[in-house]
Structures are given as structure tokens and as C-alpha cells.
Amino acid sequence: MSTTLLLTRHAETVWHAENRYAGISDIALTDTGRTQADALGRWAATLAVDAIWTSPLSRAIATAEPACRALDLTPHREPALIECDFGALEGRTLAEFAAEDPKRAEAFRTDPVANPFPRAEDPVAAAARGTWALRRIAGAHPGERVLVVAHNTLLRLALCELLSIPLGEYRRVFPRLRNTAITELRMAGNGSAALLSLNVPCRNP
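In this report, the structure presented in the accompanying data block is examined. (Residues numbered from 1 in each chain as written. Predicted model: local features only at pLDDT ≥ 70, side-chain atom pairs only at ≥ 80, totals over all residues. Heavy atoms only, no water.)

Concerning the packing of aromatic side chains
All told, the structure shown has 5 aromatic pairs when counted by the stated rule. Relative to phenylalanine 117, the ring of phenylalanine 97 has its centre 5.6 Å away and its plane inclined at 80°; by these criteria the two rings are edge-to-face. Highlighted residues: phenylalanine 97 in helix H3 (residues 94-100) and phenylalanine 117 in the loop between helix H4 (102-110) and helix H5 (123-140), separated in sequence by 20 residues. Like phenylalanine 117, phenylalanine 97 is buried. Ring plane angle 25° and centroid distance 4.1 Å describe the contact between phenylalanine 108 and phenylalanine 117, whose orientation is recorded as stacked. On the accessibility criterion, phenylalanine 117 (4% relative accessible area) is buried. Among the aromatic residues, ring-to-ring pairing joins Tyr21, Phe86, Phe97, Phe108 and Phe117 into one connected group. (Phe/Tyr/Trp six-rings, centres within 6.5 Å; stacked < 30°, edge-to-face > 60°. Helix = DSSP H or I, 4+ residues; strand = E, 2+ residues; numbered from the N terminus. Buried < 20%, exposed > 50% of the residue type's maximum accessible area, 1.4 Å probe, protein only.)

Considerations on the layout of surface pockets
Leftover empty space is mapped by rolling, across the atoms, a probe with the size of a water molecule. Counted as a void, the largest pocket has a volume near 430 Å³. Along the walls of the largest pocket sit 24 residues, with Arg9, Asn19, Arg20, Tyr21 and Asn152 positioned nearest its centre. Contributions of two or more residues to the lining of the largest pocket are made by helix H6 (152-162) and helix H7 (170-173). Broken down by element, the residue count for the lining of the largest pocket peaks at 3 residues, all from H6. (1 Å grid on protein atoms, 1.4 Å probe; cavity = no way out; pocket = protein on both sides within 12 Å on 5 of 7 lines; lining within 4 Å. Points joined across faces, edges and corners; volume = space filled by probe spheres on them.)

Let's talk about the packing of helix H1 (residues 31-45) against helix H2 (residues 58-71)
It is at 7 Å that the axes of H1 and H2 come closest, and there the two elements cross at 35°. Remark: the crossing between H1 and H2 carries right-handed chirality. Every residue of H2 that contacts H1 at Ala37, Asp38, Leu40, Gly41, Ala44 and Ala45 is listed here: Ala62, Thr63, Pro66, Ala67, Arg69, Ala70 and Leu71. Looking at the contact of H1 with H2 residue by residue, the classes come out as 9 nonpolar, 2 polar and 2 charged. (Axes fitted to C-alpha atoms, helices over the stretch in contact; angles between N-to-C directions. Left-handed = near helix turned anticlockwise from the far one by under 90°. Contact = heavy atoms within 4.5 Å. Nonpolar A, V, L, I, M, F, W, Y, C, P; charged D, E, K, R; others polar.)

Scope: geometric values only; no functional claims are made or implied.
Written out as C-alpha cells, the structure is:
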């Protein structure tokens with residue numbers, strides 16, 4: 001029996017405007033982000049979502065809260081959904097890093113998996129844990145519709161893993177998951193996945 005996963009990136013944070021890598025840093029939502037979370041909650045309430053899972057970081061939890069209230073659901077927190085640790089780039093921009101170390105920044109742009117940031121989490125390991133988490137969630141909710149609130153890079157890596165796309169292509173194939181936009185996956189009982197939609201803004205009636 002298949003499960004529908006409604007994947008979404010958390011709402012806008014205070015580092016969003018400058019495009020700073022948040023990673024495992026616990027960064028708050030902006031006023032715009034809270035408005036986005038409210039809209040996501042209204043949208044989720046129209047779909048009879050059966051369960052909600054989130055990353056343990058506060059920006060994901062806060063994004064899910066309006067949907068939890070609207071649906072009267074208690075969220076499940078999954079540690080494996082936490083964003084990648086970006087090491088030396090936590091709190092910084094790629095442009096700042098490029099100004100300091102242009103060769104390493106260019107190597108990252110060429111292949112971000114083979115050339116991760118200094119002291120960053122291994123992207124291959126991040127892809128594996130993200131994929132494991134999504135399969136675990138799907139297995140816990142056969143035949144149901146589940147909202148999963150997580151993070152931009154982790155979800156892109158997991159999508160590549162699930163869809164048999166080379167991990168090093170994640171920034172090219174999935175340039176960005178927009179805040180609170182919906183990516184819909186159908187997960188089969190054998191752990192395989194089908195991509196039904198990508199980056200669709202949540203629309204309220």
C-alpha cells in the first residue's frame with residue numbers, strides 16, 4: 001500500500017534574505033515566515049492530512065504548528081530530518097566563502113558532494129539518513145497522507161537518492177525548494193518513490 005508524502009521546506013527565517021546557510025543552527029522565523037506557516041496550515045486542513053512529521057529544529061516545528069492546530073494532530077519529531085551540518089559555512093553565505101577561498105568554493109559549485117564545505121557533514125551520509133527517515137515515515141502510515149516539514153538541502157539530497165539521480169547533481173536538478181511549497185511523493189511499500197509534483201505553492205480556497 002502506497003503512502004503520500006507532502007514534503008515542504010520550513011518557512012522563511014531571519015537568515016533567508018541574505019541566503020545564509022542555517023544548517024543545524026536554530027534560527028527563528030520572520031513575520032513573513034509565520035504568515036507562510038499559517039497559510040500552510042489552512043492548506044493542510046483542506047486535504048485531510050493524517051499525520052505530521054517535522055525536523056527537531058525550531059523553524060520546522062514552528063512551520064508545522066498551524067497545521068497541527070488546524071488538524072488537531074500531535075506532530076512527530078524525527079531527528080534524522082534535521083538539516084545538514086554545513087560546518088564552516090554555518091551562518092555564512094557562499095559569496096563570503098568564495099571571497100575567502102575561491103578555489104574551494106568553485107569546487108563545491110562543480111560537485112557539492114565530492115567537495116563539501118570544510119568540517120561539513122558528509123552529503124552521502126546526509127542523503128542516507130534523509131532517505132531512511134522518509135521511508136520510515138511512509139512505513140508508519142500505509143495508505144495515508146503525511147505532511148513532512150524539513151529542510152532545503154536534506155530534502156534535495158533525499159529526493160536524488162530516492163529517484164536514482166546522482167547526488168552530485170542535487171543543486172542543478174533541484175536548485176531550490178521554496179519555503180512552504182509542496183513536493184508530493186508517492187512511496188510504495190517496497191520503499192520506491194514516484195515524484196508527483198515539485199515546488200507547488202500551497203493554495204488556500
